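These are the residues of each chain, in order.
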Amino acid sequence: MNDLPLTLMAVHAHPDDEATGTGGVLARYAAEGIRTVLVTCTDGGCGDGPGGVKPGDPGHDGAAVALMRRQELEASCEVLKVSHLEMLDYADSGMMGWPANDAPGSFWKTPVEEGAARLAELLRRYQPDVVVTYDENGFYGHPDHIQANRITMAALAMTELTPKVYWTTAPRSMMRRFGEVMREFGADWQEPDPAEAAAMAEIGLPDEEITTWVDTTAFGGQKFDALAAHASQGENIFFLRMGQERFTELMGVETFVRVQDTTGAAVPENDLFAGLR
């Protein structure tokens, strides 16, 4: 055992991912006195620019977008009381199939062992008790999310550390509920074609396959405000449209699959630190 404080490390791809998938647990565990470390792998330069200008459109300045998103990320971390923010600053790779996938310095094109070596340094420095990242498909197939999973698992293999390791997920029951709420709130919502609907139906996991359900209802306001801090991406952050109360109702439990454990804590569990305190 070491004498460091209990520590949660979340490895995310872009600014704003920390709020969407783990804003509740970051806020909850910070409030419980646990040290929280956020590693953000890319600069977010493929996000929307001022006025919603898209990558590839005239006037989109990736460097300016990255700077703006860094400032938003810092504001989000302040809301969530994140103890330490670490940025790997790889270039945002964009969505799968975009030209940015193959751009020099993109996270997607970075050799896994290179990114893993940098992350392994942070793992050794912070010695987290719990590590959270995405599943092998990056939850929905985003290249930077997939790469975040790859470097995280490779970095863990490079160290002798044995934290509990979790992949973020969503229960299929909640994904169906999302569809209902999107139809309710999204004036511009269009029903997906059958192929898209089939792909969406495969996002997340059947409820019975989820190992860990963490109640973060009490921190719904912080999670909402952290997401709102990423104002430049407001067009893509659908959840803000529903207001804080409805948002907390829908997003008040964060779910994970435990993929590495040495504590023997029984599953299903309701605490990422079960067996550690």
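Quick look at the structure, then. Chains are numbered independently. Their residues run from 1 in the order of the written sequence. Two thresholds apply to this predicted model, a pLDDT of at least 70 for residue-level local features and 80 or more for giving and counting side-chain atom pairs, whereas whole-chain, interface and lining totals are computed over all residues. Derived side-chain values reflect all non-hydrogen atoms in the structure, with water molecules and hydrogen atoms excluded from consideration.

Quick look at helix H3 (residues 112–126)
- Secondary structure is summarised from DSSP: a helix means a run of H or I of at least four residues, a strand means a run of E of at least two, and numbering begins at the N terminus for each. The length a helix should cover is 1.5 Å for every residue beyond the first. When the terminal C-alpha atoms of H3 are compared, their 21 Å separation across 15 residues agrees well with the 21 Å that a helix rising 1.5 Å per residue should span.
- Regarding H3, the residues found buried are Gly 115, Ala 116, Leu 119, Ala 120, Leu 122, Leu 123 and Tyr 126. The buried residues of H3 occupy one face: seen down the axis, they fall within an arc of 165 degrees. Exposed residues on H3 whose side chains face more than 90 degrees from its buried face are Glu 113 and Glu 121. The cut-offs for exposure are 20% and 50% of the maximum accessible area for each residue type, with area from a 1.4 Å probe on protein chains only; residues under the lower value are buried, those over the upper are exposed, and the others partly exposed. Directions from the helix axis toward the C-beta atoms define the arc.

What about the packing of helix H2 (residues 62–80) against helix H8 (residues 220–228)?
- To obtain an axis, a line is fitted to C-alpha atoms, over the contacting stretch when the element is a helix, and the angle between two such axes runs from 0 to 180 degrees between their N-to-C directions. Where H2 meets H8, the axes come as close as 8 Å, and the angle between the chain directions of the two elements is 170 degrees. Judged by the angle between their axes, H2 and H8 are roughly antiparallel. Residues Ser 76, Val 79 and Leu 80 of H2 form the contact with H8, whose own contacting residues are Gln 222, Lys 223, Asp 225 and Ala 226.
- For this classification, Asp, Glu, Lys and Arg are treated as charged, while Ala, Val, Leu, Ile, Met, Phe, Trp, Tyr, Cys and Pro are nonpolar and the rest, including Gly, are polar. Taken together, the residues of the contact of H2 with H8 break down into 3 nonpolar, 2 polar and 2 charged. The scheme is simple: roughly parallel for angles under 35 degrees, roughly antiparallel for over 145, roughly perpendicular for 65 to 115, oblique for anything else. In this analysis, two residues are considered to be in contact whenever any of their non-hydrogen atoms come within 4.5 Å of each other.

Overview of the pairing of strand E6 (residues 212–215)
- Side chains Thr 212 and Val 214 of E6 all project onto a buried face; the interleaved residues Trp 213 and Asp 215 project onto a face where none is buried.
- The pairing criterion for strands is at least two bridges between them, as found by DSSP. The pairing of E6 with strand E7 (residues 253–260) spans 4 bridges and is antiparallel. Opposite Val 214, over in E7, you have Glu 254 as the bridge partner.

Focus on the packing of helix H1 (residues 17–31) against H8
- One can describe the packing of H1 onto H8 by two numbers: an axis separation of 9 Å at closest approach and a directional angle of 135 degrees. One finds that H1 runs oblique with respect to H8. Crossing angle aside, the handedness with which H1 passes H8 is right-handed. Residue-level contacts link Ala 19, Thr 20, Gly 23, Gly 24 and Ala 27 of H1 to Gln 222, Lys 223, Ala 226 and Leu 227 of H8.
- In terms of residue class, the contact of H1 with H8 is built from 4 nonpolar, 4 polar and 1 charged. The hand of a helix crossing depends on one turn: near helix anticlockwise from the far one by less than a right angle means left-handed, and clockwise means right-handed.

Side note on the side chain of Thr 110
- Following the sequence through the fold, Thr 110 ends up in the loop between strand E3 (84–90) and H3.
- Look past the residues within four positions of Thr 110 in its chain and what remains in contact with it is Tyr 90, Gly 105, Gly 115 and Gln 147.

What about the nonpolar core?
- Leu 8, Tyr 29, Phe 239 and Leu 272 are the most contacted members of the largest nonpolar core, which has 32 residues in total.
- Mapped by element, the contributors of at least two residues to this core are strand E1 (7–12), H1, H2, strand E4 (130–133), H8 and helix H9 (243–251).
- Tallying contributions element by element places H1 first for this core, with 5 residues.
- By convention a nonpolar core is built from buried Ala, Val, Leu, Ile, Met, Phe, Trp, Tyr and Cys residues, the set being connected through side-chain atoms within 4.5 Å. Listed in part, the 22 residues of the second largest apolar core include Val 37, Tyr 90, Ala 120 and Leu 123.

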